[in-house]
Amino acid sequence: MKEYKYKINGNPYNVTIGDINDNIAHVEVNGTSYTVELEKAPVVAPKPVVVRQAVTPTKPAVQTTVVNKPAAPAGKSGVKSPLPGVILDIKVNVGDAVKKGQTVIILEAMKMENNINADKDGTVTAISVNKGDSVLEGSVLVTIE
């Protein structure tokens, strides 16, 4: 029940609104009961419900390090990162023979996976990064001799 107090042309009115069934409302004005027919059934605004979804991590957090190693010594070739990013996968191991153009590293940069290829034929003598490492542009990733 809701109670309201009104003044119309200086006359006080105490209005109590009782039950509302479909489009019929039971109203009492200054102690006199009335049955009021409404044009439409009242629209009751639904109460907002807050739904929170549980977020679970898809993979464990990996500690990352930023790598910016100097260029390889003469006679050796260092495959360098063409842009800053995160190492997703290392496709070779130390001692592997590689051909020019073979994918040695997969680098994620700007939400895209980039294949980093060997710049010459040779043998992998050093891998300067690990999976999950953040690297800067120009960082030596793999050394080929």
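This text gives an overview of the structure that appears in the document. All values reported here derive from a predicted model rather than from experimental measurement. All residue numbers refer to positions counted from 1 along the written sequence of the respective chain. Only residues with pLDDT of at least 70 get local features here, since the model is predicted, and only at 80 or more are side-chain atom pairs given and counted; chain-wide, interface and lining totals rely on the full set of residues. As a rule here, side-chain values come from all non-hydrogen atoms in the structure, and water together with hydrogens is ignored.

**Focus on unusual backbone geometry**
As a reminder of what qualifies: By definition, any uninterrupted DSSP run of H or I lasting at least four residues is a helix, any uninterrupted run of E lasting at least two residues is a strand, and each is numbered from the N terminus.
The backbone phi angle of N9 is positive, close to 50°, even though this residue is not glycine. Relative to the elements of secondary structure, N9 occurs in the loop between β1 (2-8) and β2 (11-21).

**Quick look at the sheet that holds strand β4 (residues 32-37)**
Formally: Two strands pair if DSSP finds at least two bridges between them. Helix axes are fitted only over the stretch in contact, all axes being lines through C-alpha atoms; the angle between N-to-C directions runs from 0 to 180 degrees.
Read across the open sheet, the four strands follow the order β1-β2-β3-β4; overall the sheet is antiparallel. Strand pairing shows two members of the sheet lacking a second neighbour, β1 and β4, which therefore form its edges. Strand after strand, the sheet turns through a mean of 30° between neighbouring axes, direction not considered.

**Regarding the environment of D19**
For D19, the location among the structural elements is in strand β2. Taking the C-alpha atoms as reference points, D19 and K2, separated by 17 residues in sequence, lie 9.5 Å from one another.

**Describing the sheet that holds strand β8 (residues 97-98)**
The antiparallel open sheet is built from four strands, whose spatial order is β6-β13-β11-β8. The open sheet has two edge strands, β6 (77-80) and β8, and neither has a second partner. With four bridges connecting them, β6 and strand β13 (residues 140-144) associate as antiparallel partners. By the bridge assignment, G78 is partnered in β13 with T143.

**Points about the pattern of salt bridges**
Our working rule: Note on definitions: salt bridges are taken to be side-chain nitrogens of Lys or Arg within 4 Å of carboxyl oxygens of Asp or Glu. Using a 1.4 Å probe on the protein chains alone, a residue whose accessible area is under 20% of its type maximum counts as buried, one over 50% counts as exposed, and one in between counts as partly exposed.
What the rule picks out here adds up to two salt bridges. K91 serves as the salt-bridge partner of D89, at 3.3 Å between the closest nitrogen and oxygen. Classification of K91 as partly exposed rests on a relative accessible area of 46%. Among the charged side chains, a salt-bridge network with shared partners connects D89, K91 and K131.

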